[in-house]
Amino acid sequence: MNLLFVILGGLSALFGLLTLIAALRGRPGESRKSTAQLIGGMMLLAFGLVLGGFAIAYATTEPYDFSNGASP
């Protein structure tokens with residue numbers, strides 16, 4: 001299941017990057033389509049990075065034990 005989140009995050013980051021590149025080749029300040037692609041590409045890229053990053057961090061760390069009895 002965790003591998004699915006890493007793959008989904010990687011694919012969405014890749015599609016977001018491709019959308020971002022396509023938007024930058026247009027006229028982002030003048031064309032509404034390019035501006036929308038720029039915003040959508042950044043959002044998709046950020047979603048993919050966060051999803052993949054959290055999936056990798058969840059798989060590689062162990063849970064913290066809050067009930068160890070030590071008080072500060």
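Residues numbered from 1 in each chain as written. Predicted model: local features only at pLDDT ≥ 70, side-chain atom pairs only at ≥ 80, totals over all residues. Heavy atoms only, no water.

### A look at the overall build of the chain
Here's step 1: Helix and strand counts for the chain stand at 2 helices and 0 strands.
Here's step 2: Against the 2.2 N^0.38 benchmark of 11 Å for 72 residues, the chain shows a C-alpha radius of gyration of 18 Å, more extended than a compact globule.
Here's step 3: For the C-alpha atoms alone, the extent of the chain along its principal axes is close to 60 × 30 × 10 Å. (Helix = DSSP H or I, 4+ residues; strand = E, 2+ residues; numbered from the N terminus. Rg over C-alpha atoms; globule rule 2.2 N^0.38 Å.)

### Some details on the packing of helix α1 (residues 2-25) against helix α2 (residues 32-60)
Here's step 1: Direction vectors running N to C along α1 and α2 enclose 155°, while the axes themselves pass 7 Å from each other. By the angle between their directions, the pair α1 and α2 is classed as roughly antiparallel. The two elements α1 and α2 cross, and the hand of that crossing is left-handed.
Here's step 2: The class makeup of the residues in the contact of α1 with α2 is 20 nonpolar, 10 polar and no charged. (Axes fitted to C-alpha atoms, helices over the stretch in contact; angles between N-to-C directions. Parallel < 35°, antiparallel > 145°, perpendicular 65-115°, else oblique. Left-handed = near helix turned anticlockwise from the far one by under 90°. Nonpolar A, V, L, I, M, F, W, Y, C, P; charged D, E, K, R; others polar.)

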